[in-house]
Amino acid sequence: MEKEVRGSVLATILLCVLVLGKVGDAIGLAYIDSNPILVLVLNANDLHCALSTSRVNVWIWFVVSAIRRLCEDPIYYWLGRKYRSKALTFLKSWFPSSEKAFNESEGLFRTGSFVTIALNPGIVVCTLAGVSRVPPLSYLTMNFIGVLLRLTLIHVLCSLFPDQVDMALGLIRAYLPICIAVAVTISLISALKLWKHVRN
């Protein structure tokens, strides 16, 4: 009973994080210029991180982005580890290519090669790491390293090309209504698709 309660709590937390992410996707471009930290809290995806590099103190940017990214990955790992078959079924329906990714990565995970987690942390890889029974400490270590490496790469690239980042922000300002309409449409479609799979 206690395990079921714990599982439902984690699932609820994950759902809340996913909802925040969808909200961030929908309104992120509208607030990336005026309130970039709020946008990062809602969803620190690659686009939001890149556009906010010049708007936020570097240390605050790293801390907020890293914490936000690390909020959901361990839950994906736990769900994959705890609910192996259900997690695989969900991934196959939501991400058709995940079956191939699982077949390719399971052997590497089992032999201790966890570089995949560091190179590409996210819902598919983290869930598959749980399904493959990667040791928790190894997973958390590689996940943390992977998030820091990705954020460092984003910040370095944006620091090398600040004019391009400013140009992107300028285009967003100029075509904000269109950008918001597109972002909201994509978010709604994605949210409805997710809701359909969760109900099934």
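Refer to the structure presented above.
Caption draft 1: Representation of the side chain of H155 in the model. When you line up the elements, H155 lands in helix α9 (residues 136–160). Overall, H155 belongs to the buried group, its relative accessible area being 14%. What H155 contacts, discounting residues up to four positions off in sequence, is T53, V58, W61 and F62.

Caption draft 2: Examining the nonpolar core more closely. Among the nonpolar cores identified, the biggest contains 20 residues, and L40, C49, L51, W61, L151 and I154 are the most heavily contacted of them. Not counting chain neighbours up to four residues away, the residues in contact with L40 comprise H48, C49, S52, W61, V64, S65 and R68. With 10 residues, the next largest nonpolar core counts I117, A118, V125 and M142 among its residues.

Caption draft 3: Inspection of the packing of helix α4 (residues 58–82) against helix α8 (residues 123–131) at higher detail. It is the contact of α4 with α8, at a shortest axis distance of 6 Å, that shows an interaxial angle of 40 degrees. Taken together, the axes of α4 and α8 are oblique relative to one another. The chirality of how α4 crosses α8 is right-handed. Residues D73, Y76, Y77, G80 and R81 of α4 lie in contact with α8, whose contacting residues are I123, C126, T127, A129, G130 and V131. Grouping the constituent residues of the contact of α4 with α8 by class yields six nonpolar, three polar and two charged.

Caption draft 4: Region of the structure containing α8. Burial runs high along α8: eight of the nine residues are buried. All of the buried residues in α8 are V124, V125, C126, T127, L128, A129, G130 and V131. The first or second residue beyond α8 is R133, which carries a positive phi of 65 degrees.

Caption draft 5: Representation of the pattern of salt bridges within the structure. Scanning all chains against the criterion turns up three salt bridges. Here R55 ties to D33 by a salt bridge, and the two come within 2.9 Å at their closest N and O atoms. Residue R55 is located in the loop between α3 (46–52) and α4, and its partner D33 is located in the loop between α1 (2–31) and α2 (36–42); the two are separated by 22 residues in the primary sequence. With a relative accessible area of 24%, D33 lands in the partly exposed category. Taking the shortest distance from any N to any O, the salt bridge between R150 and D46 comes out at 2.8 Å. Pair noted here: R150 is in helix α9 and D46 is in helix α3, with a separation of 104 residues, a long-range link. The exposure class of R150 is partly exposed, given its relative accessible area of 29%.

Caption draft 6: Main features of the packing of α4 against α9. Closest axis-to-axis distance for the α4/α9 pair is 10 Å, and the angle between their directions is 145 degrees. α4 and α9 meet at a crossing whose hand is right-handed. Between α4 and α9, the residues in contact are V58, W61, F62, S65, A66, R69, L70, D73, P74, Y77 and R81 and P136, Y139, L140, N143, F144, V147, L148, R150, L151, T152, I154 and H155, respectively. Here the residues of the contact of α4 with α9 sort into 15 nonpolar, four polar and four charged.

Caption draft 7: Geometry of the packing of aromatic side chains. Counting across every chain of the model gives two aromatic pairs. When the ring of W61 is compared with that of F62, the centres are 5.0 Å apart and the planes differ by 90 degrees; the resulting orientation is edge-to-face. The class for W61 is buried, based on a relative accessible area of 0%. Ring centres of Y77 and Y139 lie 4.2 Å apart, and the angle between their planes is 5 degrees; on these two criteria the pair is classed as stacked. Of this pair, Y77 sits in helix α4 while Y139 sits in helix α9, placing them 62 residues apart in sequence. Each of the two residues, Y77 as well as Y139, counts as buried.

Rules used throughout
Per chain, residue numbering runs from 1 following the sequence as it is written. pLDDT decides what is reported in this predicted model: residues at 70 or higher carry local features, side-chain atom pairs at 80 or more are listed and counted, and totals for whole chains, interfaces and linings draw on all residues regardless. With hydrogens and water set aside, each side-chain value is computed from the structure's full complement of heavy atoms. Per the convention used, a helix needs a DSSP run of H or I reaching at least four residues, while a strand needs a run of E reaching at least two, with both numbered from the N terminus. When accessible area is computed with a 1.4 Å probe and restricted to protein chains, residues below 20% of their type maximum are described as buried, those above 50% as exposed, and intermediate ones as partly exposed. The criterion used for residue contact is that any of the two residues' heavy atoms lie within 4.5 Å. For our purposes a nonpolar core is just a set of buried Ala, Val, Leu, Ile, Met, Phe, Trp, Tyr and Cys residues, chained together by side-chain atoms within 4.5 Å. Fitted lines through C-alpha atoms serve as axes, helices being fitted only where they are in contact, and the angles separating the N-to-C directions of these axes extend from 0 to 180 degrees. Note on terminology: angles under 35 degrees are roughly parallel, angles over 145 are roughly antiparallel, angles of 65 to 115 are roughly perpendicular, and the others are oblique. Here is the rule for handedness: rotate from the far helix to the near one, and if that takes an anticlockwise turn smaller than a right angle the crossing is left-handed, while a clockwise turn gives right-handed. Gly is placed with the polar residues, together with every amino acid not listed as nonpolar (Ala, Val, Leu, Ile, Met, Phe, Trp, Tyr, Cys and Pro) or charged (Asp, Glu, Lys and Arg). Whenever a carboxyl oxygen of Asp or Glu lies within 4 Å of a side-chain nitrogen of Lys or Arg, that contact is scored as a salt bridge. Centres within 6.5 Å make a pair out of two Phe, Tyr or Trp rings, where for Trp the six-membered ring is used; the pair is then stacked when the planes are under 30 degrees apart, edge-to-face when over 60, and tilted otherwise.

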